[in-house]
Amino acid sequence: MKELDLSKFREIMNFKSLKTKILLAFMTVIALVIILSTITAVTIARANASTEKMVDEELELLIVDDNLTFSLSQRIAAARGYILFGDQMYKNLFNQYSEKSHEHEKTLLTLSDSKASKEVITRSNDWEQMVLTEVFERYDNGDTAGAASYLRSSVEPYSNDLINEFEKLTTQRKESIKANAQVVTDSGNRSLISIIIISIFIILLGITIALLTSNSIIKPIKKVMERMNIIAYGDLTSEPLRI
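In this report, the structure presented in the accompanying data block is examined. (Residues numbered from 1 in each chain as written. Predicted model: local features only at pLDDT ≥ 70, side-chain atom pairs only at ≥ 80, totals over all residues. Heavy atoms only, no water.)

### Here we look at the overall build of the protein
- When helices and strands are counted, the protein shows five helices and zero strands.
- Start at the N end of the protein and walk to the C end: the helices and strands fall as α-α-α-α-α.
- Buried positions account for 30% of the 243 residues belonging to the protein.
- For the protein, long-range pairs separated by at least 24 residues make up 76% of all intrachain contacts whose partners lie at least 6 apart in sequence.
- By element, 60% of the accessible surface of the protein is carried by carbon and sulfur atoms, the whole surface being about 15,500 Å². (Helix = DSSP H or I, 4+ residues; strand = E, 2+ residues; numbered from the N terminus. Buried < 20%, exposed > 50% of the residue type's maximum accessible area, 1.4 Å probe, protein only. Contact = heavy atoms within 4.5 Å. Areas by Shrake-Rupley, 256 points an atom, 1.4 Å probe, with all protein chains shown as cover.)

Next comes the structure, spelled out in C-alpha cells:
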C-alpha cells in the first residue's frame, strides 16, 4: 500500500505534468493578449486609413478650390489693369494665372469627377475665352470703350458667379472634412470602448485560468501530503488515492 501511494505521489509530482499545466495556462493568456493586440492594430489601421484618405483627397481638393478662386481673382484684377493702363505686363500676368488655373483644374478633375466640378471648370474656361476675345481683342483693336463696357457688364458679373461657385465647393469640402473627422472620432471612441471591455474580459479570464491552474496543481499535492502524514503515523489501511 505504501509503495502504491509513493508511486502515485511521484506520478503527480512529475515535472512534465506540472510543466504542461503551467505552459497551457501561459499559452492561453498569451493567446488572449495576441487577440487584443490584433484588435488594437486593426483599429489603428482603420483610423489611419480614414485619416490618410481625408488628408490625401479632401484636404487637397479644398486647397485646389482655394487656388482656383485666388487665380480667378488675380485674372480679374489683371484684366482690369490692362484695360485701364494698357500695360502688357497685366496681360502677361493674366496668361500666367490662366496657366496656373489650368493646372489646378487638371488636379481637380484627377481628384474628383463630380458633375459640379466639371461644370465649374467648363464655366471657368468659357469666362477665360470671354476675356480673351471680347475684352482683350476689342482693346487691342482700338475699341477701348467697348472692351471696358463688356468687362463691367458681362465679365465681372460672370466672374463673381464663378467665385461664388468655387466658394460653394470650398464650403462643401469643409463640411465633408468635418463629417469624416467626426466619423473617425466616433469610430475611435467605439474602438476604445471595445478594447477596454476586451481588456477587462482578458484580465478576468486570465485570473480565472490562473486560479483553476493553481488549484489543479495544488489540490492533488495537498491530498498526497495528507496521505503521507497518515502513513507517517503508521496507518496503512487507507484506500489508494484516485486523483
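### Brief notes about the environment of Leu 61
- In this fold, Leu 61 is placed in helix H2 (residues 15–85).
- Separated by 49 residues in the primary sequence, Leu 61 and Thr 110 place their C-alpha atoms 9.9 Å from one another.

### Regarding the pattern of salt bridges
- For the structure on display, the rule yields six salt bridges.
- A salt bridge links Lys 91 to Asp 140; the nearest nitrogen and oxygen atoms lie 2.8 Å apart. With Lys 91 in helix H3 (residues 88–111) and Asp 140 in helix H4 (residues 115–140), this pair connects stretches of sequence that are 49 residues apart.
- Classification of Asp 140 by relative accessible area gives partly exposed; the value is 42%.
- Residue Arg 123 pairs with Glu 165 through a salt bridge whose shortest N-O separation is 2.1 Å. (Salt bridge = Lys/Arg side-chain N within 4 Å of Asp/Glu carboxyl O.)

### Let's talk about the packing of aromatic side chains
- According to the stated counting rule, one finds six aromatic pairs in the structure shown.
- Ring centres 5.0 Å apart and planes at 55 degrees place the aromatic pair Tyr 82 and Tyr 139 in the tilted group. Highlighted residues: Tyr 82 in helix H2 and Tyr 139 in helix H4, separated in sequence by 57 residues.
- Given the relative accessible area of 4%, Tyr 82 is considered buried.
- According to the relative accessible area criterion, Tyr 139 is buried, its value standing at 19%.
- One aromatic cluster is present, formed by Tyr 82, Phe 94, Trp 127, Phe 136 and Tyr 139 through successive ring pairs. (Phe/Tyr/Trp six-rings, centres within 6.5 Å; stacked < 30°, edge-to-face > 60°.)

### A word on the nonpolar core
- Counting 29 residues, the largest nonpolar core has Leu 72, Ile 83, Trp 127, Val 131, Val 135, Phe 136 and Val 155 as the members making the most contacts within it.
- Secondary-structure elements contributing two or more residues to this core are H2, H3, H4 and helix H5 (144–232).
- The element contributing the most residues to this core is H5, with ten residues. (Core = buried A, V, L, I, M, F, W, Y, C linked by side-chain atoms within 4.5 Å.)

### Details of the environment of Met 130
- Locating Met 130 in the fold gives a position in helix H4.
- The sequence separation of Met 130 and Ser 154 amounts to 24 residues, and the corresponding C-alpha distance is 8.7 Å.
- Excluding residues within four positions of it along the chain, Met 130 makes contact with Val 135, Tyr 150, Ser 154, Val 155 and Tyr 158.

### Notes on H3
- For H3, which comprises 24 residues, the first-to-last C-alpha distance of 35 Å matches the rise-based estimate of 34 Å (1.5 Å per residue) to within 8%.
- Buried within H3 are the following residues: Lys 91, Phe 94, Tyr 97, Ser 98, Ser 101, Glu 105 and Leu 108.
- For H3, the side-chain oxygen to backbone nitrogen distance between the N-cap and Met 89 is 2.9 Å, and the N-cap itself is Asp 87. (Expected span 1.5 Å × (residues − 1). Polar contact = N/O pair within 3.5 Å; in protein donor to acceptor, adjacent residues only side chain to side chain.)

### Observations concerning the packing of H3 against H4
- Two numbers describe how H3 lies on H4: the axes approach to 11 Å, and their chain directions differ by 165 degrees. Taken together, H3 and H4 sit at an angle that is classed as roughly antiparallel. Two packed elements cross with a definite hand, and for H3 against H4 that hand is left-handed. Note on element contacts: H4 touches H3 through Ser 117, Lys 118, Ile 121, Ser 124, Asn 125, Trp 127, Glu 128, Val 131, Leu 132, Phe 136 and Asp 140, opposite Lys 91, Phe 94, Asn 95, Ser 98, Ser 101, His 102, Glu 105, Leu 108 and Leu 109.
- Considered class by class, the residues forming the contact of H3 with H4 number eight nonpolar, seven polar and five charged. (Axes fitted to C-alpha atoms, helices over the stretch in contact; angles between N-to-C directions. Parallel < 35°, antiparallel > 145°, perpendicular 65-115°, else oblique. Left-handed = near helix turned anticlockwise from the far one by under 90°. Nonpolar A, V, L, I, M, F, W, Y, C, P; charged D, E, K, R; others polar.)

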